[in-house]
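# Coordinate analysis (summary)
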Amino acid sequence: MTGGRRPHPPAGDASAIATQAEGFLRAQAHYDEARAEARALCDRMPWMTTAQAEDFTRHYVDHRITLVRAMLSATVTRAGELRQEYEGRYLQLRRALLRRHAGWVSAALASATGLHAMAWIWLR
């Protein structure tokens, strides 16, 4: 399912190797599932010859793999869009929180300065 689009991980990067292995295993599982579905369909059509069943199976598997790739591509695209949206919202919230804290610190500092000035005048 990776289609060779990703660059190969460095030799010592264990998590990248594990991710690549997981991708391969998932791709193989999709392939095996598609072949099993095609065989089940062919079993319901006993009039097909062996060559026709093999041809049908090949076309069905190719079609399923294309669909899975399209779905995964759409999912990856949507995940990227959501990530950008969430990161943007997080940045907005973080800035708002920083402004609030700066406001509260400024107010506290101004109050402390005012109290200090009043105490200095009163104790003088």
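Before reading further, recall that the structure is shown in the block above.
Report follows, based on the coordinates. (Residues numbered from 1 in each chain as written. Predicted model: local features only at pLDDT ≥ 70, side-chain atom pairs only at ≥ 80, totals over all residues. Heavy atoms only, no water.)

## What to know about the pattern of salt bridges
- This model, assessed by the stated rule, comprises seven salt bridges.
- Between Arg 58 and Asp 55 there is a salt bridge whose closest N-O contact spans 2.5 Å. Here the residue Arg 58 and the residue Asp 55 both occupy positions in helix H2 (residues 50-123), the gap between them amounting to three residues, near one helical turn.
- Take Arg 58: its relative accessible area is 42%, and that puts it in the partly exposed class.
- Salt-bridge contacts for Arg 78 lead to Glu 85; the nearest nitrogen and oxygen are separated by 3.7 Å.
- Judged by its relative accessible area of 39%, Arg 78 falls in the partly exposed class.
- Residue Glu 85 is classed as partly exposed on the basis of its relative accessible area, which comes to 47%.
- Overlapping salt bridges bring together Glu 33, Glu 37 and Arg 64 as one network. (Salt bridge = Lys/Arg side-chain N within 4 Å of Asp/Glu carboxyl O. Helix = DSSP H or I, 4+ residues; strand = E, 2+ residues; numbered from the N terminus. Buried < 20%, exposed > 50% of the residue type's maximum accessible area, 1.4 Å probe, protein only.)

## So, helix H1 (residues 14-43)
- An ideal rise of 1.5 Å per residue puts 44 Å on 30 residues; H1 measures up with 43 Å between its terminal C-alpha atoms.
- Turning to H1, its buried residues number three or more, namely Gly 23, Ala 27, Ala 34, Ala 38 and Cys 42.
- Where H1 is buried, its residues meet H2. (Expected span 1.5 Å × (residues − 1). Contact = heavy atoms within 4.5 Å.)

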